[in-house]
Amino acid sequence: MEKKDLDWGNLSFSYQPTDASFVAHWKDGEWDEGEITPDHTITLSECAGIFHYCQEVFEGLKAYTTKEGDIVCFRPDLNADRMYTSAERLEMPPFPKDRFIDAVKQVVAANAAWVPPYGSGATLYVRPFMIGSGEVIGVAPAPEYQFRILVTPVGPYFKGGCKPVKLCVAQYDRAAPHGTGNIKAGLNYAMSLRPTMEAHRNGFDENMYLDSQSREYVEETGGANILFVDKEGNLVVPQSHTDSILPSITRRSLVVVAQDLGMNVIERPVKFSEVQNGDFVECGLCGTAAVISPVGEIHNGDEVITFPEGHDEMGPVMTKLRETLTGIQEGEVEDKHGWVFKV
Ligand code: PLP
Ligand code: COI
């Protein structure tokens, strides 16, 4: 099959329509069969639930071409699980998990020509999402829903690929304690746009959010979880007392990858004061879009915190984790845990 004629090595993280999307509808208590469609538009009533009470949840995963030329995606079962939980939290009818995985495979297969070639550095970003499409005027769950999956080829999320990024400590909160920070819902991103744009205007790549209850603990950034390496070489993974961190699939995979590589992993609440004290030698962001991006500096007002082993280029631990994870995804490293799903 012939690939599209794109400049694969120079793609940015942006949308372009491909050959097909997947769409299914929920009405009268059930999901229809769903289908692959060339139509990338949605026509809805002005009174659809999505427009008024923001009933929307989404996912993000990637499809890759492996060394052998297979098209695969990475742990779509965990995206199916997380979207199920997200939908339940917003009183939306969850899309059945086995059908989610099947729909991902169908839509990726229908867009095989858009899956970037092996070694190009680009991937096919897969974005499942669900909206309240039925009409609602009082505050209530919508009576009808649409589940869709769009795909689009993408390059690196942060400009400069693996160049260390600069974070600033946000003066805003991302997630309320016991709120919706642990689900993937558009509402969490709407209110992050102001802090994100302010961070960009001030020369930063992203915000680092602290827990909103005490503002003492590190949570995550607007679109990725945070990882640290301490002076003893342990991988330290921030946990939340209030369940406000999105359970990143990349992070959960990296914990296993690190253990497989013989590293000690410590998952615990991390105080921002530890970061300020210079207790960590490396810091990185992880997520589907971000993969692993090294953090070079964190600014907190006038204070500048640096990481000695990741300031100018990605440090050794983040480099090893990144190489191993992308190696598994692209079929260069053995997939011991059955994470790679063939399309
Ligand atoms: N945290 C937030 C707020 C995100 O939006 C994402 C992106 O999905 C992540 C973390 C990383 O999660 P994952 O590794 O599952 O993509
Ligand atoms: C992802 O990593 O898949 C996300 O959804 C993050 C988003 C901010 C692009």
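Please read all numbers here as calculations on a predicted model, not as lab measurements.

### Considerations on the overall build of the protein
Argument step 1. Within the protein, the regular secondary structure consists of eight helices and 18 strands.
Argument step 2. The C-alpha atoms of the protein give 20 Å as radius of gyration, which agrees with the globular expectation for 343 residues (20 Å, within 12%).
Argument step 3. Dimensions of the protein, computed from the C-alpha atoms along their principal axes, are close to 55 × 50 × 35 Å.
Argument step 4. Within the protein, the proportion of its 343 residues that are buried is 44%.
Argument step 5. Counting contacts in the protein only where the partners sit at least 6 residues apart, residues at least 24 apart contribute 72% of the total.

### Comments concerning the domain arrangement of the protein
Argument step 1. If you check the domain split of the protein, you get domain 1 (21-154) and domain 2 (165-329).
Argument step 2. Computed from C-alpha coordinates alone, the two centres of domain 1 and domain 2 are separated by 26 Å.
Argument step 3. Each side of the interface is counted separately: domain 1 has 18 residues, and domain 2 has twelve residues.
Argument step 4. Elements represented by at least two residues in the side of domain 1 that touches domain 2 include exactly β4 (56-58), β5 (61-65) and α2 (76-89).
Argument step 5. Tallying contributions element by element places α2 first for the side of domain 1 that touches domain 2, with six residues.

### Focus: the environment of aspartate 102
Argument step 1. Take aspartate 102: it is sitting in helix α3 (residues 97-110).
Argument step 2. Owing to 15 C-beta atoms within 10 Å, aspartate 102 belongs among the partly exposed residues under this scheme.
Argument step 3. Spatially, the C-alpha atom of aspartate 102 lies 37 Å from that of proline 195, the residues being 93 residues apart in sequence.

### Things to note about the nonpolar core
Argument step 1. Core analysis: the biggest nonpolar cluster contains 86 residues, and Ala63, Cys73, Val108 and Val126 have the highest contact counts within it.
Argument step 2. Excluding its chain neighbours within four sequence positions, the residues that come into contact with cysteine 73 are Leu61, Lys62, Ala63, Val104, Val108, Val126, Phe341 and Val343.

### Remarks on the UniProt feature "modified residue: N6-(pyridoxal phosphate)lysine" (unreviewed entry) in the protein
Argument step 1. Within this numbering scheme, the UniProt entry marks Lys184 as carrying the feature "modified residue: N6-(pyridoxal phosphate)lysine" (unreviewed entry).
Argument step 2. Checked against the element boundaries, lysine 184 lands in the loop between β9 (165-169) and α4 (186-190).

### Remarks on the pairing of strand β14 (residues 265-268)
Argument step 1. Strand direction decides the pairing type here: strand β13 (residues 235-238) and β14, joined by four bridges, are parallel. When the sheet's bridge partners are listed, leucine 235 is paired in β14 with valine 265.

### Points about the site of ligand 1
Argument step 1. All residues adjacent to ligand 1 are Gly60, Glu220, Gly223, Ala224, Asn225, Leu246, Ser248, Ile249, Thr250, Arg251, Gly287 and Thr288.
Argument step 2. With three residues, helix α6 (residues 249-260) is the single largest residue contributor to the shell around ligand 1.
Argument step 3. Each residue belonging to the shell around ligand 1 can be placed in one class, and the counts come to three nonpolar, seven polar and two charged.

### Notes on the packing of α6 against helix α8 (residues 316-329)
Argument step 1. It is the contact of α6 with α8, at a shortest axis distance of 10 Å, that shows an interaxial angle of 105°. Looking at the two axes, α6 sits roughly perpendicular to α8. Contacts between α6 and α8 involve Ser253, Leu254, Val257 and Ala258 from the first element and Leu321, Thr324 and Leu325 from the second.
Argument step 2. Here the residues of the contact of α6 with α8 are counted per class, giving five nonpolar, two polar and no charged.

### Structural notes on the pairing of strand β10 (residues 206-210)
Strand residues, when the strand is regular, have side chains that alternate between the two faces of the sheet.
Argument step 1. Judged by how many residues are buried, β10 sits mostly within the fold: five of five residues are covered.
Argument step 2. Neither face of β10 is open: one carries Glu206, Met208 and Leu210, the other Asn207 and Tyr209, and all of them are buried.
Argument step 3. Taken together, the three bridges between β9 and β10 define a ladder with parallel strand orientation. Paired with leucine 167 across the bridge in β10 is glutamate 206.
Argument step 4. Across two bridges, the pairing between β10 and strand β11 (residues 218-221) is antiparallel. Within β11, the position partnered with methionine 208 by the bridge is threonine 221.

### Things to note about unusual backbone geometry
Excluding glycine, a negative phi dihedral is what most residues carry, and trans is how most peptide bonds are arranged.
Argument step 1. With a phi angle near 55°, glutamate 91 is a residue other than glycine that sits in the positive phi range.
Argument step 2. Structurally, glutamate 91 is set in the loop between α2 and α3.

### Details of the confidence of the model for the protein
Argument step 1. With 99% of its residues at a pLDDT of 70 or more, the protein shows a mean pLDDT of 96.
Argument step 2. Interface scoring of the predicted complex returns ipTM 0.97; its pTM is 0.96.

Cut-offs and rules
Residues numbered from 1 in each chain as written. Chains lettered and ligands numbered in written order. Predicted model: local features only at pLDDT ≥ 70, side-chain atom pairs only at ≥ 80, totals over all residues. Helix = DSSP H or I, 4+ residues; strand = E, 2+ residues; numbered from the N terminus. Rg over C-alpha atoms; globule rule 2.2 N^0.38 Å. Buried ≥ 20, exposed ≤ 12 C-beta atoms within 10 Å, placed from the backbone. Contact = placed C-beta atoms within 7 Å. Domains from an automatic or database assignment. Core = buried A, V, L, I, M, F, W, Y, C linked by C-beta atoms within 7 Å. UniProt positions renumbered as here; feature names shortened; annotations may be inferred. Pairing = 2+ DSSP bridges. Near = placed C-beta within 6 Å. Nonpolar A, V, L, I, M, F, W, Y, C, P; charged D, E, K, R; others polar. Axes fitted to C-alpha atoms, helices over the stretch in contact; angles between N-to-C directions. Parallel < 35°, antiparallel > 145°, perpendicular 65-115°, else oblique. pLDDT = per-residue confidence, 0-100.

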